[in-house]
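# Fold and contact review
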Amino acid sequence: MKRLCAKAALDLVPDHGIIGLGGGETISYLAEDIKEARKGVKVVTPSDHTAQVCKKLGLEIVDTKEVKEIEIAFDGCDQVDSDLDAYKSGGGIHTLEKIIAKMAKEYVLLVDETKVTDKLNNKVPVVLDIIPEAVNYVTSQVEAMGATVKKRDEHLLEVYYDTLPELEEIDKNLKMITGVIETSLFYQVATKALVAGEEGIRVIK
């Protein structure tokens, strides 16, 4: 499934320019395909593992801070819905991922059918990237909103909802808390998703 998804993504990779590659096995397969296809692209990535894979393949890595625009970026996610809203909660590097996504003219999610739902639900937590000194304040503010907070490490907090509010409300209210840098909710960020299933690839636009 992952190799199938990577092969489909290769068709979207330009021959030249700067592209973004996120983390995960599918992205590693895509990097291999890019090398095999001899695409003359440069890569920005938030993932140390992907950077290592690209360097081993001989793909040129560009530091994210040196870039202001990307032709296209590819990434995985924990869950994506029919509106292309997504959670990227597992990796804990969503701030860097979102910076790259926002710089990209097109941001494409690569997933299998198990990651797709009609509407995002509360089975996946929203993870907050925070300033460590604000941990108690941020926790109290989130709890005042009716959610439960679990500390993952000094700069990541997992937010759990019994009943999920509207995604726009979550996106706005959590980011308004002083001390929160970013959230793992990618609300209206993705432009396309390539979904690998038993019957091949389908596209969510």
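Residues numbered from 1 in each chain as written. Predicted model: local features only at pLDDT ≥ 70, side-chain atom pairs only at ≥ 80, totals over all residues. Heavy atoms only, no water.

## Overview of the overall build of the protein chain
To keep things clear, this is the line we draw: A helix here means a DSSP run of H or I that spans at least four residues, while a strand means a run of E at least two residues long, and both kinds are numbered starting from the N terminus. Atoms counted for the radius of gyration: C-alpha only. Globule rule: 2.2 Å times the number of residues to the power 0.38. Only protein chains enter the calculation, and the probe is 1.4 Å; a residue is then buried if its accessible area is under 20% of its type maximum, exposed if over 50%, and partly exposed in between. The contact criterion used throughout is that any non-hydrogen atoms of two residues lie within 4.5 Å. The method behind every accessible area is Shrake-Rupley, applied with a 1.4 Å probe, and residues are considered shielded solely by the protein chains displayed. As used throughout, the charge tally considers Lys and Arg to be positive and Asp and Glu to be negative, leaving His and the chain termini uncounted. For the purpose of locating charges, the reference atoms are NZ of Lys, CZ of Arg, CG of Asp and CD of Glu.
When helices and strands are tallied, the protein chain shows six helices and 15 strands. Here the protein chain has a C-alpha radius of gyration of 17 Å; the compact-globule value for 205 residues is 17 Å, and the two agree. Viewed in the frame of its principal axes, the protein chain has a C-alpha envelope of about 55 × 40 × 25 Å. The buried share of the protein chain, reckoned over its 205 residues, is 52%. Sequence separation of 24 or more characterises 72% of the internal contacts of the protein chain that already satisfy a separation of 6 or more. Counting every atom, the protein chain has about 10,400 Å² of accessible surface; 47% of that belongs to carbon and sulfur. Taken as two groups, the 26 positive and 36 negative side-chain charges of the protein chain have centres that lie 5 Å from each other.

## Details of the domain arrangement of the protein chain
Here is the rule we go by: Residue ranges for the domains trace back to a domain assignment, done automatically or taken from a database. Two parts placed together each lose some accessible area under a 1.4 Å probe, and adding up what both lose gives the buried area. A side-chain nitrogen of Lys or Arg and a carboxyl oxygen of Asp or Glu constitute a salt bridge if their distance falls within 4 Å.
Splitting the protein chain by domain gives domain 1 (1-118 + 186-204) and domain 2 (126-182). One C-alpha centre belongs to domain 1, the other to domain 2; they are set 26 Å apart. On the domain 2 side, the residues contacting the eleven residues of domain 1 number twelve residues. Summed over both sides, the interface between domain 1 and domain 2 buries roughly 950 Å², with carbon and sulfur atoms accounting for 57% of that surface. Between the two partners, domain 1 and domain 2, sit one salt bridge.

## What about empty space enclosed by the protein?
Worth spelling out the cut-off: In this analysis a 1.4 Å probe is tested at points of a 1 Å grid over the protein atoms alone, and where it fits but cannot get out there is a cavity; an open set with protein on both sides within 12 Å along at least five of seven lines is a pocket; lining residues have an atom within 4 Å of a point. Grid points are joined across faces, edges and corners, and a volume is the space filled by probe spheres set on the points. Residue classes follow a fixed rule: Ala, Val, Leu, Ile, Met, Phe, Trp, Tyr, Cys and Pro count as nonpolar, while Asp, Glu, Lys and Arg count as charged, and any other residue, Gly among them, counts as polar.
As enumerated under the stated definition, the model contains one cavity of 30 Å³ or more in all. Considering only enclosed or pocket space, the largest cavity measures out at about 40 Å³ in volume. What lines the largest cavity is Gly 20, Leu 21, Gly 22, Pro 46, Ala 73, Phe 74, Asp 75, Glu 97, Ile 100 and Tyr 107. Broken down by secondary-structure element, the contributors of at least two residues to the lining of the largest cavity are strand 1 (16-21), strand 4 (72-75) and helix 4 (94-103). For the lining of the largest cavity, the element with the highest residue contribution is strand 4, accounting for three residues. Of the residues in the lining of the largest cavity, the class split is six nonpolar, two polar and two charged.

## Things to note about the pairing of strand 14 (residues 192-197)
Basically, it comes down to this: Between any two strands, pairing holds if DSSP finds at least two bridges.
Burial of strand 14 is extensive: six of the six residues sit out of reach of the surface. Of the two faces of strand 14, the one lined by Lys 192, Leu 194 and Ala 196 and the one lined by Ala 193, Val 195 and Gly 197 are each fully buried. Hairpin connection between strand 14 and strand 15 (residues 200-204): a loop of two residues separates the two successive antiparallel strands.

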